[in-house]
Amino acid sequence: MSTSNGHQPRPTQPKERATLALEQKLEEALQNLLEMGICASDVQESALESWADGAANGYPGGLVGMKVAQTIERLDQIYSIKDTVSDILIPLEVVNNVDAGQNPHKYTRDFAERVAGENMYTNGMISAVTDYRELLNSELLVAFPELAPYLPQKEGMEGGAVRMDQS
């Protein structure tokens, strides 16, 4: 939701502000989980110690403990603002895809492609029905000229139908 200059747009309504706050807290929690995973995968003895002047000062478990504490803090913040965004609806398919370890953006892309295909099909059907209606009206005017006042006239058809020759 960033603009081209990298700044977040200013939310105008309380609902937008709450959604943006939740989004930011989720991103922070994900970042903490990523950092915790990196720390846990490359644990060295010095990372487990809490040095008086080190980055993890005061945290049991050193740097890994600090990342765990930060993650718990972020999750608590998310829990505290959960009621402000209770009306956001997430499709069940997206939740199932995330549970299955799939990227939700893939679902969105596939859904958009499917809708675009259905839209093209629907537009084609509308075009075919419109062409058929115009042809039918034209042929009705040729076969039954007395129906002319009751049939819609195409622009460019002055007082009569244009007969299309069939080969």
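Residues numbered from 1 in each chain as written. Predicted model: local features only at pLDDT ≥ 70, side-chain atom pairs only at ≥ 80, totals over all residues. Heavy atoms only, no water.

### Brief notes about the side chain of Lys67
- Mapped onto the fold, Lys67 is located in helix H3 (residues 62-80).
- Every residue in contact with Lys67, bar those within four places of it in the chain, is listed here: Glu35, Met36 and Cys39. (Helix = DSSP H or I, 4+ residues; strand = E, 2+ residues; numbered from the N terminus. Contact = heavy atoms within 4.5 Å.)

### Side note on the packing of aromatic side chains
- Taken as a whole and judged by the stated rule, the model has 1 aromatic pair.
- When the ring of Tyr107 is compared with that of Phe111, the centres are 6.1 Å apart and the planes differ by 20°; the resulting orientation is stacked. Here Phe111 and Tyr107 lie together in helix H5 (residues 104-143), a separation of 4 residues that amounts to about one turn.
- Residue classification places Tyr107 among the buried positions, given a relative accessible area of 14%.
- Judged by relative accessible area, which is 37%, Phe111 ranks as partly exposed.
- The lysine or arginine in question, Lys82, covers the ring of Tyr79, its NZ or CZ lying 4.7 Å from the ring centre. (Phe/Tyr/Trp six-rings, centres within 6.5 Å; stacked < 30°, edge-to-face > 60°. Buried < 20%, exposed > 50% of the residue type's maximum accessible area, 1.4 Å probe, protein only. Lys NZ or Arg CZ within 6 Å of the ring centre and 35° of its normal.)

### Structural notes on the nonpolar core
- Counting 5 residues, the largest nonpolar core is built from Ala18, Leu22, Ala29, Ile78 and Val85.
- Tallying contributions element by element places helix H1 (residues 14-41) first for this core, with 3 residues.
- Other than its neighbours up to four places away in sequence, Ile78 contacts Leu22, Lys25, Leu26 and Ala29. (Core = buried A, V, L, I, M, F, W, Y, C linked by side-chain atoms within 4.5 Å.)

### Structural notes on H5
- Given a rise of 1.5 Å per residue, 40 residues ought to cover 58 Å, and the 58 Å separating the end C-alpha atoms of H5 matches this to within 8%.
- Restricting attention to buried positions, one finds in H5 the residues Tyr107, Asn137, Ser138 and Leu141. (Expected span 1.5 Å × (residues − 1).)

### Points about a nonpolar patch on the surface
- Among the surface-exposed residues, Ile88, Ile90, Leu92 and Val95 lie close enough to one another that they form a single nonpolar patch of about 370 Å² accessible area.
- Mapped onto the secondary structure, Ile88 falls in the loop between H3 and helix H4 (92-99).
- With a relative accessible area of 37%, Ile88 lands in the partly exposed category. (Patch = residues over 30% accessible without salt bridge, like charges linked within 9 Å, V, L, I, M, F, W, Y side chains within 5 Å. Areas by Shrake-Rupley, 256 points an atom, 1.4 Å probe, with all protein chains shown as cover. Salt bridge = Lys/Arg side-chain N within 4 Å of Asp/Glu carboxyl O.)

### Considerations on the environment of Gln70
- Assignment of secondary structure puts Gln70 in helix H3.
- Separated by 38 residues in sequence, Gln70 and Asn32 have C-alpha atoms that sit 6.9 Å apart.

### Quick word on the confidence of the model for the protein
- The predicted model of the protein averages 78 in pLDDT, with 72% of residues at 70 or higher.
- Looking at the elements of the protein, mean pLDDT is at its lowest for helix H2 (residues 45-48), recorded as 58, and at its highest for H5, recorded as 93. (pLDDT = per-residue confidence, 0-100.)

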